[in-house]
Amino acid sequence: MTGQPGRTGRGGGQAGAGDLLALVRTGRATTRGALQQATGLSRATVGQRLDRLFRAGWLREGAGGPVDSPLGGRPSITLEFEDAHAVVLAADLDTRHARAAVLSLTGEILAEHSAVLAVEDGPDAVLGELGGWFAELLEKAGRGAQEACGIGLAVPGPVDSETGLVVQPPIMPGWDGYDIRSRLSRAFTERTGVAPVPVLVDNDANLMAYGEQRTGYRDCSAFVLVKVSTGIGAGVVVGGEIFRGVDGGAGDIGHIRVGSEALCRCGSQGCLAAVASGGAVARRLAETGVPAASGSDVRDLLAAGHPGAAALAREAGRQVGDVLATVVTLLNPGVLMIAGDLAGTSFLTGVRELLYQRALPRSTARLDVVTSRLGDRAGLVGAGAMVVEHLYAPTRVEERLLALGV
């Protein structure tokens, strides 16, 4: 007996095992009957495809759900994604430090480590160090290296999502065009002895935005996160997907010209990052005799209530808010989140002052301007989610099942 054409299949064909898994993972259909209804497949075909997922260890049966029929009968057995069958590795690089973690497939952080790690030391050294961190973190989490199904990496520079290459990064000397994916995969294999795993790379603001939107603002169809640390960048999530532009350059607002003569690290004059980033605020503080060399130093001063740092942070917020008025008018987001080293009261006050003054009232009428919920973990959560969505996309599921021989 053959089923009707699957309504969720790719390219007009029948829904495959990957499509069924996607329906279960998202909660759109969590019983065999619901899967039949959603796909148009016969009971036998649904059973055959579910069997492949069970044999792979990617599905489990949960508790019985409510009885679907008004005539009664046995309750339907619910289907659940088996999130314990693998783990994801993630790392978030900043200019002077890094954070890495082991995450469950549902985004729970199982083990975490952060330490000084300077991107200016170059990709070979930095990625080699991360390979060692991952090996130690897996041991700390009590998971075997063979359980890692992929690695996600957030970097402070523009990334071509097709190739995973960093493209002309202003604050990552030596990384332009470097094959990050291969080096990090090799570093992990060298430290663990397991076969290479897929590595995905994206801009840190993109992944922070993705992590924050998925965990706290799933219903927001247009979400913008602005990270203000050593540099300034924005991540945009539209319809639940990261908006990257044609080659990964979307959201690079730190290099919008704002009329200043200040020299930016990109080589141009007058960039927003040159006057309003954490690095810029640190330089201005240092000129007055306050010891500050980076955005993280400014963050510490703000936390200690330093009046000079607070005043400069508010001024920087006004400059960023002036640019964000255009961003908000163009994208009409429901949430504008400020994150990074300067994401405190002083900076946020400055942003709001100029944003609401310059943006169209219609663009801000339903806008929430907030600060990060996940804090320093946002990039890790976003990187982990990026890997999971890639590996468990319907077409990728079919490829992986075939490779497993099920």
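In this report, we go over the structure that sits alongside the text.

Cut-offs used in this document
Residues numbered from 1 in each chain as written. Predicted model: local features only at pLDDT ≥ 70, side-chain atom pairs only at ≥ 80, totals over all residues. Heavy atoms only, no water. Helix = DSSP H or I, 4+ residues; strand = E, 2+ residues; numbered from the N terminus. Buried < 20%, exposed > 50% of the residue type's maximum accessible area, 1.4 Å probe, protein only. Contact = heavy atoms within 4.5 Å. Lys, Arg positive; Asp, Glu negative; His and termini not counted. Charge placed at Lys NZ, Arg CZ, Asp CG, Glu CD. Pairing = 2+ DSSP bridges. Axes fitted to C-alpha atoms, helices over the stretch in contact; angles between N-to-C directions. Phe/Tyr/Trp six-rings, centres within 6.5 Å; stacked < 30°, edge-to-face > 60°. Lys NZ or Arg CZ within 6 Å of the ring centre and 35° of its normal. 1 Å grid on protein atoms, 1.4 Å probe; cavity = no way out; pocket = protein on both sides within 12 Å on 5 of 7 lines; lining within 4 Å. Points joined across faces, edges and corners; volume = space filled by probe spheres on them. Nonpolar A, V, L, I, M, F, W, Y, C, P; charged D, E, K, R; others polar. Core = buried A, V, L, I, M, F, W, Y, C linked by side-chain atoms within 4.5 Å. Left-handed = near helix turned anticlockwise from the far one by under 90°.

Attention now moves to the overall build of the protein chain. For the protein chain, the count of helices and strands is 14 helices and 14 strands. Dimensions of the protein chain, computed from the C-alpha atoms along their principal axes, are close to 80 × 55 × 35 Å. For the protein chain, the proportion of its 406 residues judged to be buried stands at 51%. Contacts in the protein chain between residues at least 24 apart in sequence constitute 61% of all its contacts with a sequence separation of at least 6. With 38 positive and 43 negative side-chain charges, the protein chain shows a separation of 6 Å between the mean positions of the two kinds.

Ordered in space as S5-S4-S3-S6-S9, the five strands form an open sheet in which the pairing is mixed. Either end of the sheet is taken by a strand with one partner, and the two such strands are strand S5 (109–116) and strand S9 (199–203). Each strand axis lies, on average, 15° off the axis of its neighbour in the sheet, ignoring direction. Pairing of strand S6 (residues 148–155) with S9, which is carried by five bridges, proceeds in the parallel orientation. Directly across from Leu-153, in S9, lies its bridge partner Val-201. On the sheet, helix H4 (residues 123–141) packs against strand S3 (87–93), strand S4 (97–104), S5 and S6 and is oriented at approximately 40° with respect to S4.

Let us now look at the packing of aromatic side chains. Applying the stated criterion across every chain yields a total of three aromatic pairs. On the basis of an interplanar angle of 75° and a centroid distance of 5.5 Å, the ring pair of Trp-58 and Tyr-392 is categorised as edge-to-face. Of this pair, Trp-58 sits in the loop between helix H3 (43–56) and strand S1 (59–64) while Tyr-392 sits in the loop between helix H13 (378–391) and helix H14 (394–404), placing them 334 residues apart in sequence. Assessed through its relative accessible area of 1%, Tyr-392 is described here as buried. With centroids separated by 5.6 Å and ring planes inclined at 40°, the aromatic side chains of Tyr-217 and Phe-223 adopt a geometry described as tilted. What makes Tyr-217 buried here is its relative accessible area of 14%. For Phe-223, a relative accessible area of 0% corresponds to the buried category. One aromatic cluster is present, built from ring pairs that chain together Trp-58, Phe-81 and Tyr-392. The side chain of Arg-373 reaches across the aromatic face of Tyr-217, ending 4.6 Å from its centre.

For the rest of this paragraph, the subject is the layout of surface pockets. Considered as a void within the structure, the largest pocket measures approximately 1200 Å³ in volume. Elements with a contribution of two residues or more to the lining of the largest pocket: helix H1 (17–25), strand S2 (77–81), S4, S9, helix H6 (204–216), strand S12 (241–242), H13 and H14. Here the element with the most residues in the lining of the largest pocket is H13; it accounts for seven residues. Looking at the lining of the largest pocket, its residues break down into 18 nonpolar, 15 polar and 13 charged.

On to the nonpolar core, then. Counting residues in each nonpolar core, the largest one holds 38 residues, and the members touching the most others are Val-226, Ile-232, Leu-285, Leu-324, Leu-336, Phe-347 and Leu-355. Counting residues per element, this core draws most heavily on helix H10 (residues 307–331), at ten residues. Leaving out residues up to four positions away in the same chain, Ile-232 has contacts with Val-226, Lys-227, Asp-252, Ile-253, Gly-254, Leu-272, Ala-273, Ala-276, Ser-277 and Val-320. Leu-89, Ala-145, Val-159 and Val-197 belong to the second-largest nonpolar core, a separate cluster that totals 33 residues.

One can describe the packing of H3 onto H14 by two numbers: an axis separation of 11 Å at closest approach and a directional angle of 65°. For H3 against H14, the interelement crossing comes out left-handed. Between H3, through Arg-52, Leu-53 and Ala-56, and H14, the contact on the second element is made entirely by Val-397, Glu-398, Leu-401, Leu-402 and Leu-404.

Turning our attention to the sheet that holds strand S10 (residues 222–228). Strands in a sheet are paired, the pairing made by backbone hydrogen bonds, and the direction either parallel or antiparallel. Judged by pairing direction, the sheet is mixed, and its five strands sit side by side in the order S12-S11-S10-S13-S14 without closing on themselves. Unpaired on one side and paired on the other, S12 and strand S14 (368–371) mark the two borders of the sheet. Sheet analysis places strand S13 (residues 335–339) next to S14, joined by four bridges and oriented parallel. Residue pairing in the sheet places Ile-338 in a bridge with Thr-371 of S14.

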